[in-house]
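Single-letter residue listing:
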Amino acid sequence: MKYLFILVPAAISVRLASGFVLTASGRGSTWLTPTTTRSTTRIHSSPAKEDSINDENVLATARQDDNQVPLQAIGSVGFLIPQREHDQQRKTKFGRAAPVEPPTIMEAVSQLARKCFCFADGRVDTLIAPCGVPSSAAVTKTTSSDSVRQQLLEIDVLIAVGLTEDSDLDFCEQLFQDRLVRNREINEHHRQCQFAVDCSKTFPTFVGSYEENSPNLESRFLPWTKAATSRRLAVQMKNLFQKWSSDEFVFGILIFLNEFSGSRVDWVKHSIDATWEKGPVQNARELYSMVSKCGDCIVNCVKDDTCRECLSTLTAVDTRDQVASYRTIVSYESDLLRDFSFCILQKNNIFECSASIPKLPEVTPLSTFRGEPLTQDIARALLVGHLDDESATLDGSLKTDVSWIVTCGANEAYDKFPSQNQLFYPTARGDGNLWYDPVFRVETLDGRHVWCKRHYRVRPQKVPGTFRFSVLDNGITSDEFWTIVAVAEEDLSWIVFHYAGAAAAVGQRYLGGLLCTPDGRLPPEKELTKVWTAVQAAGIQPWELYCVDNDKKSPGYIAAGPPPLDYYRKEVLAKRSTSPSG
């Protein structure tokens, strides 16, 4: 069994700690092969339709790029998997709400490794290692079983996944114990952690200086200490891993690296919570700034039952956890909450947050449509899609009350809501820009079913098929970059979008993807191969998608009442009818 690094496809620079040149395999997967010098390498590989890793899909060799500025790795992440290939093909618990079968262990950890790399902006080395010693094909004078084992001992984050065989369990137990001893005796800065996930045996878990089986008194009774931080982080990471969501899983890894690597990870470096990690001085300074600059908004919010309940609920979660925090926000939406958030976060930036739109993975937009190069006009018409609007100019448009309905989405925080209706339509000015109104149903934390709506401004970008979206969402501005990845050209029966966004005022970054159809149902079986290929081209695996509940006969839909589809559009249509330009 070979030992491999997993990297994101298409020209990504990584710094290796062991002096290996990499050979690309599949969608960015690479085997370790020996070299005599240590260098930063640049991977050149082509996307493959499948994630299976075998000797036949070794496609390209890593090459040194003298013009590339090396990226300084801030940490390393390793996944320990079963030794036998047969066991690697066992299904995992990921993808339980997906339109396809759950992924195998190898498929799952390969995607987790890629996501770690992307979410860390290419600054994390990732390793996938089967249990046991490597085969003779992988062991050379330079690459020995001892050197691979040394990497496993030194790697910052080690996660064992799906181990059940006695030989694998014995190997993992010894490795985990050796890492534990090393962490006690050698690792002065305690920048390591290890977990076992979905294994048939428990192993010694530790995070930093905190050991789950023998917690020290400092971690239990001195909450301001690093030991206590380690303890809190161990609980949080374990809970995130057990959710079996790739986004949540990677989030758990990133918050550890952000705390213990010595470098900040942009994806999770900001927090708007009062925490022990910030310390009493910073917490007091932020509180004083909130009261002095937004006192009226705070008073108004805490006097209102709904707004106060929202703040109380948010206090119980890590607001960097976008899934938990956004569900809380949409459950308690109100004008008072919007004003509160706008004053503290957007207007005054009390917590000094910042965030930029992620640049990885790189997603290529649709380049042609019906045999012709894609133009901005056609790209805009694809967004408008099936809406009954004068701008819906493409053959195949059904002229309905929506442009598209989301069938599946990849981001658990934002794409999982039921009944997601999309409306794209031109602005009244006729300036080439569009409005985008998502109207979606929310089951609130207290069991109510309500409609939520947003009003995005959409500006076409230089490359046709790409757009910049911006919106004020509950007092916070979000900036997003959208890409049309693929579409059913004959009949517009489906379309795939990718988006990358940031909410700078709260320091949040996010990625997502959408499969949309005219009626919210999956495309026909004969189309699914094309659809899943398009999804994979956006850096998303089909098992990461969440099927959206679009059943209009469901109790939740009936309880919510008719969706307010024209809430914003009716005013634009009125202006357009009286405008000299349109």
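Residues numbered from 1 in each chain as written. Predicted model: local features only at pLDDT ≥ 70, side-chain atom pairs only at ≥ 80, totals over all residues. Heavy atoms only, no water.

(A) Quick look at a nonpolar patch on the surface. There is a patch of nonpolar side chains on the surface, built from Leu217, Phe221, Leu222, Trp224 and Trp276 and spanning about 600 Å² of accessible area. With respect to the helices and strands, Trp224 occurs in the loop between helix 5 (217–221) and helix 6 (226–241). (Patch = residues over 30% accessible without salt bridge, like charges linked within 9 Å, V, L, I, M, F, W, Y side chains within 5 Å. Areas by Shrake-Rupley, 256 points an atom, 1.4 Å probe, with all protein chains shown as cover. Salt bridge = Lys/Arg side-chain N within 4 Å of Asp/Glu carboxyl O. Helix = DSSP H or I, 4+ residues; strand = E, 2+ residues; numbered from the N terminus.)

(B) Up close: the state of the cysteines. The final tally for this structure, using the stated rule, is 2 disulfides. Two residues, Cys294 and Cys343, share a disulfide whose sulfurs are 2.1 Å apart. Between Cys294 and Cys343, the S-S torsion sits near -90°, and that sign places the bridge as left-handed. With Cys294 in helix 8 (residues 280–303) and Cys343 in helix 11 (residues 335–347), this residue pair connects regions lying 49 residues apart in the sequence. Paired through a disulfide, Cys301 and Cys307 show a sulfur-sulfur distance of 1.9 Å. One quick way to see it: the torsion about the S-S bond of Cys301 and Cys307 is about -90°, and its sign makes the bridge left-handed. Residues Cys301 and Cys307 agree in their burial class; the two are buried. In the chain, the cysteines engaged in disulfides, taken in order along the sequence, are linked 1-4, 2-3. (Disulfide = S-S within 2.5 Å. Buried < 20%, exposed > 50% of the residue type's maximum accessible area, 1.4 Å probe, protein only.)

(C) Broad picture of the pattern of salt bridges. Scanning all chains against the criterion turns up 33 salt bridges. Between Lys201 and Glu173 there is a salt bridge, and its shortest N-O distance comes to 3.0 Å. In this pair, Lys201 is assigned in the loop between strand 10 (193–197) and strand 11 (206–207) and Glu173 in helix 4 (residues 166–185), connecting sequence segments 28 residues apart. Assessed through its relative accessible area of 33%, Lys201 is described here as partly exposed. Residue Glu173 is classed as partly exposed on the basis of its relative accessible area, which comes to 34%. Three or more residues joined by partner-sharing salt bridges are found here, namely Asp389, Glu390, Asp566, Arg569 and Arg576.

(D) View of the packing of helix 8 against helix 9 (residues 305–315). Packing of helix 8 against helix 9 brings their axes to within 5 Å, and their N-to-C directions diverge by 100°. Taken together, the axes of helix 8 and helix 9 lie roughly perpendicular to each other. Facing Cys301, Val302 and Lys303 of helix 8, the residues of helix 9 in contact are Asp305, Cys307, Arg308 and Leu311. (Axes fitted to C-alpha atoms, helices over the stretch in contact; angles between N-to-C directions. Parallel < 35°, antiparallel > 145°, perpendicular 65-115°, else oblique. Contact = heavy atoms within 4.5 Å.)

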